[in-house]
Amino acid sequence: MTHAGEAIRSTDEIAFGAVRLEELVDRAALTEMLESFHALFEVPIRVFSAEGKLLAEVAPPLEMYTYLGHFRPAREAVQQVVQAVKHRSLEAGGEAAERCVTGARYRVLSITYDSRELGRAILGPFVPAELAQPPEALAALDPGLDPVELARLFAAMPHARDERIAAAARHLLRTLDLILFSGHKALLTSNMHLASVRESYRELEDKNAKLQEAFDRLKELDRLKSNFLATVSHELRTPLTSIIGYSEMLYEGIAGEMPNEQREFVGTIREKGEQLLELIKGLLDLSKLESGTMSLTKANLDVGPIVADVAQTLTPTARKKGVSLAVSVDEALPRLWADAARLRQVLLNLTENAIKFTPAGGVVTLSARVTLMSAARGDDDGGGMVLLQSRRPAIELRVADTGIGIPPEERGRVFDAFYQVDSSSTREAGGTGLGLSIVKRLVEGHDGTVSITDNQPRGAVFVVSIPCRRATIS
Ligand code: ADP
């Protein structure tokens, strides 16, 4: 029953008295009730709020008052009565009667609820049954008033006996009491509901704020971690380059010949130094990728030569392990909009892994072909066409091996930084666990995807798909 825009008051306020008539019953319901009252008793009726605001009325215009309205003294006399009626102080029992210049009466009733006056109902004007003629004073108000017309209009006014008016008043107050009671109940219920909704909302807001705080803290920690990684890696790189350089010179005998055993030790220092440098480069790459500061230098390029170059680079490694390396590149591949060095890094990483995890006698195959991939959101050249064409040409690069394979449940995790399927100390293959996480981020930097499937009868296949730019395939 609260009007839109009105402030919602607390349930306590409403429960303990500060309730208003217009909050307990809406105007439409009140008017409907007054209409049935009027149909029953044929007496005009109006209901006012505690502040004197008209809330509802069923009072068809009476010809008598329209007529009097044409004569100024009569009009003013009627207006005085109306004001008096509205502001009449009520006698004990909450009722008062007011007499009009027309001889008609008003009955003023106090609408109380829970011992508080919420407003007033005014019955009338009605002519008491015992009055057969308008008072003589009425015609005397203005010389222009026609006594015959006055008598006719007087007869047409609603007439009612006192007992009938008393019965009407009782009926009205009882009905209002019922309406107010149920209105109050509904108002309390809806306010309690609102209060509990407000409380849950506040709790949610609190939780949200805490979550946001935790999220911000984590983000800050993550940023600090990336900064730390970048700084430490960078600072390690310089001295390490010297260590590798000097051990290389010693190894090569530039500073004089060394006994074999010493040379072997220096060789190990160089080898481990190079491993460390790889790790540091990986960390630097990862922190750049994580912080979004790695810039890719993309150009339109042929994939075939990159695949061939990677195969050539790793042929000695594969041969040393007794693994054969095969290449299969489809003819007439479209060009790819990519960073050549980073694409090479992706392939190199996957192929190194494939060789590493394939026992002697196995085969590693690098292949490239055209395929279709689902258009990713935010496509730079899909535009409105994405809706019509949800798949677009892409280049698929596969690195398949016949090695130990990757169990399906591990396939999502191997792309996490530092994750290794078998991290036990007895693990034969070296590595840092950074390679695949860098691969994944680099591929994503090309709007591409990387996934793992089984190779038959054994081994793993890494599938990298990178979408082609429309311009390059037309
Ligand atoms: P690293 O090779 O340095 O350990 P990666 O991030 O490149 O780190 O790989 C993570 C892990 O994924 C590897 O340690 C290995 O357990 C698994 N893995 C990667 N490639 C293969 C593959 N071709 N065959 C089997 N396991 C693989």
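Heads up: the structure comes first, above all this text.
Everything numeric in this text was worked out from a predicted model, so none of it was measured. (Residues numbered from 1 in each chain as written. Predicted model: local features only at pLDDT ≥ 70, side-chain atom pairs only at ≥ 80, totals over all residues. Heavy atoms only, no water.)

On to unusual backbone geometry. Put simply, glycine 124 and proline 125 share a cis peptide bond, and its omega is 5 degrees. Within the secondary structure, proline 125 is located in strand β5 (residues 116-128). The amide bond that connects glutamine 456 to the next residue, proline 457, takes the cis arrangement and shows omega of 0 degrees. Mapped onto the elements, proline 457 comes out in the loop between β12 (449-454) and β13 (460-467). A positive phi angle, near 60 degrees, is found at aspartate 447, a position not held by glycine. Tracing the sequence through the fold places aspartate 447 in the loop between α12 (435-444) and β12. By relative accessible area, which is 45% here, aspartate 447 ends up partly exposed. (Helix = DSSP H or I, 4+ residues; strand = E, 2+ residues; numbered from the N terminus. Buried < 20%, exposed > 50% of the residue type's maximum accessible area, 1.4 Å probe, protein only.)

Moving on, we get to the packing of helix α10 (residues 303-321) against helix α11 (residues 340-356). One can describe the packing of α10 onto α11 by two numbers: an axis separation of 10 Å at closest approach and a directional angle of 25 degrees. Here α10 lies roughly parallel to α11, going by the angle between them. Here α10 runs over α11; the crossing is right-handed. For the pair α10 and α11, contact is made by Ile306, Val307, Asp309, Val310, Thr313, Leu314, Thr317, Ala318 and Lys321 and by Ala340, Leu343, Arg344, Leu347, Leu348, Thr351, Glu352, Ile355 and Lys356, respectively. Split by residue class, the contact of α10 with α11 holds 10 nonpolar, three polar and five charged. (Axes fitted to C-alpha atoms, helices over the stretch in contact; angles between N-to-C directions. Parallel < 35°, antiparallel > 145°, perpendicular 65-115°, else oblique. Left-handed = near helix turned anticlockwise from the far one by under 90°. Contact = heavy atoms within 4.5 Å. Nonpolar A, V, L, I, M, F, W, Y, C, P; charged D, E, K, R; others polar.)

Mapped onto the elements of the fold, asparagine 349 is located in helix α11. In this structure asparagine 349 touches Gly435 and Val439, once residues within four positions along its chain are discounted.

Glancing now at the packing of helix α3 (residues 27-41) against helix α8 (residues 162-252). Packed helices, taken two at a time, are described by the angle between their axes plus the distance between the axes. Where α3 meets α8, the closest approach of the two axes is 11 Å, and the angle between their N-to-C directions is 160 degrees. For the element pair α3 / α8, the angle class is roughly antiparallel. Every pair of crossing elements has a handedness; the one defined by α3 and α8 is right-handed. Where α3 abuts α8, its residues Leu30, Met33, Leu34, Phe37, Leu40 and Phe41 lie against Arg164, Ala167, Ala168, His171, Leu172, Thr175, Leu176 and Ile179.

It is worth spelling out the environment of leucine 30 at this point. Inspection of the secondary structure puts leucine 30 in helix α3. For leucine 30, a relative accessible area of 2% gives the class buried. With 17 residues separating them along the chain, leucine 30 and valine 47 place their C-alpha atoms 8.5 Å apart.

With 17 residues, α11 ought to run about 24 Å at 1.5 Å a step, and its terminal C-alpha atoms sit 24 Å apart, in line with that. Burial in α11 covers these residues: Arg342, Leu343, Gln345, Val346, Leu347, Leu348, Asn349, Leu350, Thr351, Asn353, Ala354 and Ile355. (Expected span 1.5 Å × (residues − 1).)

The next subject is the sheet that holds β13. Read across the open sheet, the five strands follow the order β8-β10-β11-β13-β12; overall the sheet is mixed. Where the open sheet ends on each side, the last strands, each with one partner, are β8 (324-329) and β12. Within this sheet the neighbouring strands show an average axis-to-axis angle of 25 degrees, counted without direction. Pairing of β8 with strand β10 (residues 363-374), which is carried by six bridges, proceeds in the parallel orientation. Across the sheet, the residue bridging to valine 327 is leucine 366, located in β10. Packed onto the sheet, α11 meets β8, β10, β11 (391-401) and β13 and runs at close to 35 degrees relative to β11. (Pairing = 2+ DSSP bridges.)

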